[in-house]
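Per-entry structural report
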Amino acid sequence: MERLGTGIGWRPEIADAVERMPGIDWVEAVAENVCPGHLPESLRRLRERGITVVPHGVSLGLGGADRPDEGRLAALAERVEALGSPLVTEHIAFVRAGGALTASPRLEAGHLLPVPRTRDALDVLCENVRIAQEALPVPLAVENIAALISWPGEEMTEGQFLYELADRTGVRLLVDVANLHTNHVNRGEDPAKALAELPLEAIAYVHVAGGFERDGVWHDSHAHPVPEPVLDILTDLASRVSPPGVLLERDENFPEPAELEGELAAIRRALEAGAVERVKTELRSAGRAAVRGETDLPGASREGDETGAAGATRGASGLPHPEDAGAARQRLGLAQAALLSALVAGTPVPEGFDRVRVGVQARALAAKRADVVAKVAPELPEILGADYRPAFLGYAQTHPMTDGYRRDALTFAEHLLHAGRPRDTRARRALRQWWQERSGPTPRSRRPTHRLAHATRRALLRR
C-alpha cells in the first residue's frame, strides 16, 4: 500500500499557508468543491511539486438504501483523473432517503448520518461499495463516521462491521480516530476494542481532527484543536500498525499557520510514541517465540479475527440472494426514511431511538444548514443581518432540504418573500432582486398594483 506520510486537509481559506507549510507530504481536498476543468492554482502548484492530492467525497451516500448514483460516481472519477490521485475516499454513511424505493418524499440530510450495524445494512453497503469500486479508476477507501445517535437492534460492533465490509469487498479503510473518540463519548463505544477488531492491513490512511463537548455530547466540529484523547487513540493505533498516512482535518475557524504546524507536530509525536510501543511489543513477542522455539507468522491470529471472520458466512461469493438483497434495500430504506424524516421534517421519532439525542441531532442539522447556506449564498446574511439565522432556523423546521444547498437558499428566500418578509422595505427589495437574478421571474405579488409595476419594469428592461 502506498506510503502517504503526513498531510493536511486542503481548504481554500488556508491554501497559501498549506503551500508554505514544512513537512507536508500530501493533501486531501473535498471532492465536491473541486471543479476538474478549473483546478485551483494552489492545487496545481502542489501537484507540480509532487505533492499527492486525494479527493475526499461527502455526498455519495454509500450507506444509503439506493444504489450509488451513476452521475455522482462519474463526477468523482473525473476528479480523480484531474488530480492524478492514487486513491479516492468516501464515507460509510447515508445522506439522503425516501423516494421511489419507499414511496415517500425524497429528503436530503446535508450531513453524514450513521448506518445501522445490521446484516441488512451490511449487505446493502457491500453491494454499493462494489458498484463504486467498478466505476472508479483507483482504489476506494471508506471512512468510519462520528454519530450523535445509535440505532436500536444493532447486531455488530463498529470493528466487526468494518472487518466484514473489508473482508467481503476488499475495500480499504480510512480510519478517523477523532470519530472513534466521538463515538466513545456519545455512544459509550471503546476505541481500543474497535481498533483490536479492525483489519489493520486494510488501512489506507488516518484522519485526526478536533471537536468540543457540550452537555455530555461530543461535537465533531473540525473547527477546534485536536484534544489529547484523540492523540491517545492515534498512539494506540500506531502501536498496532504503522499507518500509511495521517492527515489533519480543519474545516472552519482556521487558526494561524503556526498553530496548525503545532498540531501536526503533536500528531508526529503521537505516531512516534506508538511506534516505540509497537517495537517493544514485537521484541517481546519474538522473545517469547524464541523461548518456545516457535516463529510468529505474518497474519497470525489477533483479537477480533475470529469475531470478524466468523461473521462472513454468506456463501462462496459472500453475496446474499438477489431477492433477499432487494428486500434488504427496502427494509433499510424505510428505516432510514423514518429517521431522516424525524430529523428534518418534524415527524415522530421512530421507536427505539433516544428522543433527546434525535432532538440534538435535528438541531445540529438545522444549524449546519444555516451555516452552509450562508456560505453558498453569502448575500443572504448580508441582506437579512441579525435576522438571518432565526429566520432560517424557523424555515428549516417545516421545509426539509430536498435538492442541495443552492436550491435550499433559493427556496428560503422565496419563502420569506411570500410571507412579506423582511419587514424592512429596502431589505425586502434587495432580497427580491437577489432571488429574481437567480431563479427567473419575481414571485407574483398578491397586490394588483405591484404586479402591474413589475410587469411595466420588465417591459422597459426588454427595450
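Everything that follows concerns the structure shown earlier in this document.
Note that the structure is a prediction, hence the values are computed from the model and not measured.

With that settled, consider the side chain of Glu108. Inspection of the secondary structure puts Glu108 in strand β6 (residues 104–113). Judged by relative accessible area, Glu108 falls into the buried class, the value being 13%. Polar side-chain contacts of Glu108 include one of 3.0 Å to the side chain of Arg96. In this structure, Glu108 is in contact with Arg72, Val95, Arg96, Leu340, Val344, Met401, Thr402, Asp403 and Gly404, ignoring residues within four places of it in sequence.

Time to look at the pattern of salt bridges. Per the stated rule, a full pass over the model turns up 23 salt bridges. Ionic pairing is found between Glu127 and Arg67, a salt bridge with its closest N-O pair at 3.3 Å. With Glu127 in helix α4 (residues 119–135) and Arg67 in the loop between β3 (52–56) and α3 (70–83), this pair connects stretches of sequence that are 60 residues apart. The class for Glu127 is partly exposed, based on a relative accessible area of 22%. One salt bridge connects Arg240 with Asp236, and the closest N-O pair in it is separated by 2.9 Å. In this pair, Arg240 and Asp236 both sit in helix α8 (residues 228–240), four residues apart, roughly one turn of the helix. Sharing partners across several salt bridges, the network here consists of Arg117, Glu154, Glu158, Arg187 and Glu189.

Turning our eyes to something else, we now look at the packing of aromatic side chains. Tallied over the full model, the rule gives seven aromatic pairs. A ring pair is formed by Trp151 and Phe353, whose centres lie 5.1 Å apart and whose planes are at 65 degrees; its orientation type is edge-to-face. Highlighted residues: Trp151 in the loop between β7 (140–143) and α5 (158–169) and Phe353 in the loop between α11 (322–344) and α12 (355–376), separated in sequence by 202 residues. On the basis of an interplanar angle of 80 degrees and a centroid distance of 5.9 Å, the ring pair of Tyr388 and Phe412 is categorised as edge-to-face. Here the residue Tyr388 occupies a position in helix α14 (residues 388–396), and Phe412 occupies one in helix α15 (residues 404–418), the gap between them amounting to 24 residues. Joined through ring pairs, the aromatic side chains of Tyr388, Phe392, Tyr395 and Phe412 make up one cluster.

Turning our eyes to something else, we now look at the pairing of β7. Side-chain alternation along β7 places Leu140 and Val142 on one buried face and Ala141 and Glu143 on a second face that is also buried. Crossover connection from β7 via α5 to parallel strand β8 (residues 172–176): handedness right-handed.

It is worth spelling out the environment of Val171 at this point. Secondary-structure assignment places Val171 in the loop between α5 and β8. For Val171, a relative accessible area of 1% puts it in the buried group. Along the primary structure Val171 and Ala141 are separated by 30 residues, whereas in three dimensions their C-alpha atoms are 5.9 Å apart.

Of all six residues making up strand β1 (residues 5–10), five are buried, and the element is well covered by its neighbours. As paired strands, β1 and strand β2 (residues 26–30) are joined by four bridges and run parallel to one another. The residue of β2 that forms the bridge with Gly7 is Trp26. Taken together, β1, helix α1 (residues 15–20) and β2 form a β-α-β motif whose crossover is right-handed.

Helix-helix packing is characterised by the crossing angle of the two axes and by the distance between the axes. It is at 9 Å that the axes of α12 and α15 come closest, and there the two elements cross at 90 degrees. Of the possible angle classes, the one that applies to α12 and α15 is roughly perpendicular. Taking contact as the criterion, the partners of Lys368, Arg369, Val372, Val373 and Val376 in α12 are, on α15, Tyr405, Arg406, Asp408 and Ala409. Its residues assigned to classes, the contact of α12 with α15 shows five nonpolar, no polar and four charged.

Parameters at a glance
- Residues numbered from 1 in each chain as written.
- Predicted model: local features only at pLDDT ≥ 70, side-chain atom pairs only at ≥ 80, totals over all residues.
- Heavy atoms only, no water.
- Helix = DSSP H or I, 4+ residues; strand = E, 2+ residues; numbered from the N terminus.
- Buried < 20%, exposed > 50% of the residue type's maximum accessible area, 1.4 Å probe, protein only.
- Polar contact = N/O pair within 3.5 Å; in protein donor to acceptor, adjacent residues only side chain to side chain.
- Contact = heavy atoms within 4.5 Å.
- Salt bridge = Lys/Arg side-chain N within 4 Å of Asp/Glu carboxyl O.
- Phe/Tyr/Trp six-rings, centres within 6.5 Å; stacked < 30°, edge-to-face > 60°.
- Right-handed = clockwise from strand over helix to strand, strands pointing away.
- Pairing = 2+ DSSP bridges.
- Axes fitted to C-alpha atoms, helices over the stretch in contact; angles between N-to-C directions.
- Parallel < 35°, antiparallel > 145°, perpendicular 65-115°, else oblique.
- Nonpolar A, V, L, I, M, F, W, Y, C, P; charged D, E, K, R; others polar.

Everything listed here is a matter of coordinates, which is why it stays silent on function.
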